[in-house]
Structure formats: C-alpha cells, structure tokens
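# Tertiary structure, described
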Amino acid sequence: MEACSEMSKTFKSRDWCSSATRCTVWAKGSAKMDIFLPKDVKKDAPVMLFIHGGYWQEESVTKDIHAHIAAPLNEHAAITVTVGYTMSPTCSLFDIVKEIRQAIVFVSDRFPDSRGIYVSGHCAGGHLSVMMLSTDWSSILPEKPDVIKGVCAISGIFDLQPLVRTHINDKLLFTTSSAFALSPMFMVDAIPEANLRIKVHLTVAEFDPPAFNKQTEDYCKLLTARGIDAVATFLPNRDHFDKIKEMHEADCPVQQVLLGLMNLR
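Description of the structure in this document. (Residues numbered from 1 in each chain as written. Predicted model: local features only at pLDDT ≥ 70, side-chain atom pairs only at ≥ 80, totals over all residues. Heavy atoms only, no water.)

The next subject is the packing of aromatic side chains. By the definition in use, this model includes four aromatic pairs. Their ring planes at 20° and their centres at 4.5 Å tell us that phenylalanine 158 and tyrosine 219 sit as a pair that is stacked. Within this pair, whereas phenylalanine 158 is found in the loop between strand S6 (148-154) and helix H7 (169-172), its partner tyrosine 219 is found in helix H9 (residues 210-225), the two being separated by 61 residues in sequence. By relative accessible area, tyrosine 219 is classed as buried at 1%. Clustering of aromatic rings is evident, with ring pairs tying together Tyr55, Trp56 and Phe174. (Phe/Tyr/Trp six-rings, centres within 6.5 Å; stacked < 30°, edge-to-face > 60°. Helix = DSSP H or I, 4+ residues; strand = E, 2+ residues; numbered from the N terminus. Buried < 20%, exposed > 50% of the residue type's maximum accessible area, 1.4 Å probe, protein only.)

Given below as structure tokens:
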C-alpha cells in the first residue's frame, strides 16, 4: 500500500486540494474523516463516502493512504469523504458498524442539500459499506429514509464465519454466533423495504483469493433475489490491491463504477 500512500500525499499537496481538505472529528478514538471538495462545489453535489480495509485492525491501512481516490471524483464534481474508524481490538466490529452509521449521519447533516450519499469500501470497508443496507435509516434519519442511493463493495467480505479459526480473529475475537450476526450474507432478508431501491455494485479481482470471488458471486445472487438492483463485476489481471492503487485515474474500472453509480459519466 506504499504506492497508495505516496499518491495520496501528492494529491493532498495540490494547491487547490489543501484548501478543500478538512479533517473532522465526528466520534471518539480514530473515528475521523477527510472531506475533499471539488473546486466549484455545488449545493446538490453527490457525496462518495469511502471506507478503508485492513480487516478492521491493520493500523497501517487508514483513510490517510486513500486520499488519491478523491482526485477523479472531485474532477467530476463529487464530494469525497474518506472515513477512518476505531480499530479492533479497541473497538468491537458491532461498534465499528455503529461508527460508520454515525459518519453517514454526520455527512448528511454537513451536506443537507446533496442529491445523495453513496458508500464504498475495500475489503473490510466493503463489508462495512454493505452493512449499511440492513440499517433502518427511517429510525435514524426520519427526514431522509433514503439517504443512501448506492453502495459499492470492492473485494468485500460478506461471510465472516471462515475468519473465526484464523489468525485474523486474534484481535477481532469473533465467536461463531457473532461472526454470523455480522455477516451481510445472512442479513439480506432483513434489509428494510426502503433500502431495496439502493443500487449495489460489487467488484472483485481475478487474483483476489478465491473466497472473495465466491462470496461476491453468492452475495450478488442473494441481493438480486431480494429485488435489489445488484451487479457484480469481475476485474481481470488484477490482485487484491491493484484496483485500489489505480483509483487516482478516472478511467480505471472501479472509478468508472463509482462515477456510474452517481450518474456522473
């Protein structure tokens, strides 16, 4: 992820970007966000909220090394928000999910005239992005029950149960029951009716571990059967990190997906 870090530093060093970047504390711990505004931001500009990966625990994978993804989005007049969260074991995954919900409420309040919030994320961030599908936003934002317009999970994790007996669980401390309860794969039937209108795009790379490809395919089928407009895209000749490294380019596959979700291409 060193390449991402360097690209992010370069992007944030641009004259116009430095004045448009704001780091806002919106919760406790590491729950912070960077907001990147287009040069001539419009009141109704869509917001793309991006959540980093790192299996909810890797301290070297943060919002700070993902700033480069904002460049093409800003150029297409979208507001970009990169979100950080308190990692395990300091925070349980149940509480991390709550932090992301709080981030969406904060962004909704910050940009009340936006025509929609879109949520994306990589790996663990992909998991957190689709967890927002099962949230009853009418109880949190009664004036905006349809606050989320689209979701994109990039090599997301949709069934957490296989992680229980791996070293990844040393900090997460999943039990079989908690892993099941936090798995989007088993929450599809509980998605609120209002969220069935959210567009969902899942992407996975050819050289991702096979489990990512299988889970993406299975989860997409379940969402489609539930009546959600869900699409899965297979990205050839890429591994788990390639698709994130190239997101400083507007014509890369994932950026094309994000821009398409927001109807900006």
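Let us now look at helix H11 (residues 253-261). By the burial criterion, the buried members of H11 are Val254, Gln255, Val257, Leu258, Leu259 and Leu261. Where H11 ends, the next residue or the one after it, asparagine 263, has phi of about 60°, a positive value.

In the structure shown here, the tally under the stated rule is 10 salt bridges. For the salt bridge of lysine 43 with aspartate 113, the shortest nitrogen-to-oxygen distance reads 3.5 Å. Residue lysine 43 is found in the loop between strand S2 (32-36) and strand S3 (47-51), and its partner aspartate 113 is found in the loop between helix H4 (93-110) and strand S5 (117-122); the two are separated by 70 residues along the sequence. The exposed category is assigned to lysine 43, whose relative accessible area is 66%. Accessibility expressed as a relative area gives 42% for aspartate 113, which makes it partly exposed. Residues aspartate 95 and lysine 98 are paired through a salt bridge, measuring 3.8 Å at the closest nitrogen-oxygen approach. Of this pair, aspartate 95 and lysine 98 are both found in helix H4, three residues apart, which corresponds to roughly one turn of the helix. Overall, lysine 98 belongs to the partly exposed group, its relative accessible area being 45%. Linked through salt bridges whose partners overlap, the residues forming this network are Asp34, Lys63 and Asp64. (Salt bridge = Lys/Arg side-chain N within 4 Å of Asp/Glu carboxyl O.)

Keep in mind these numbers describe shape, not what the thing actually does.
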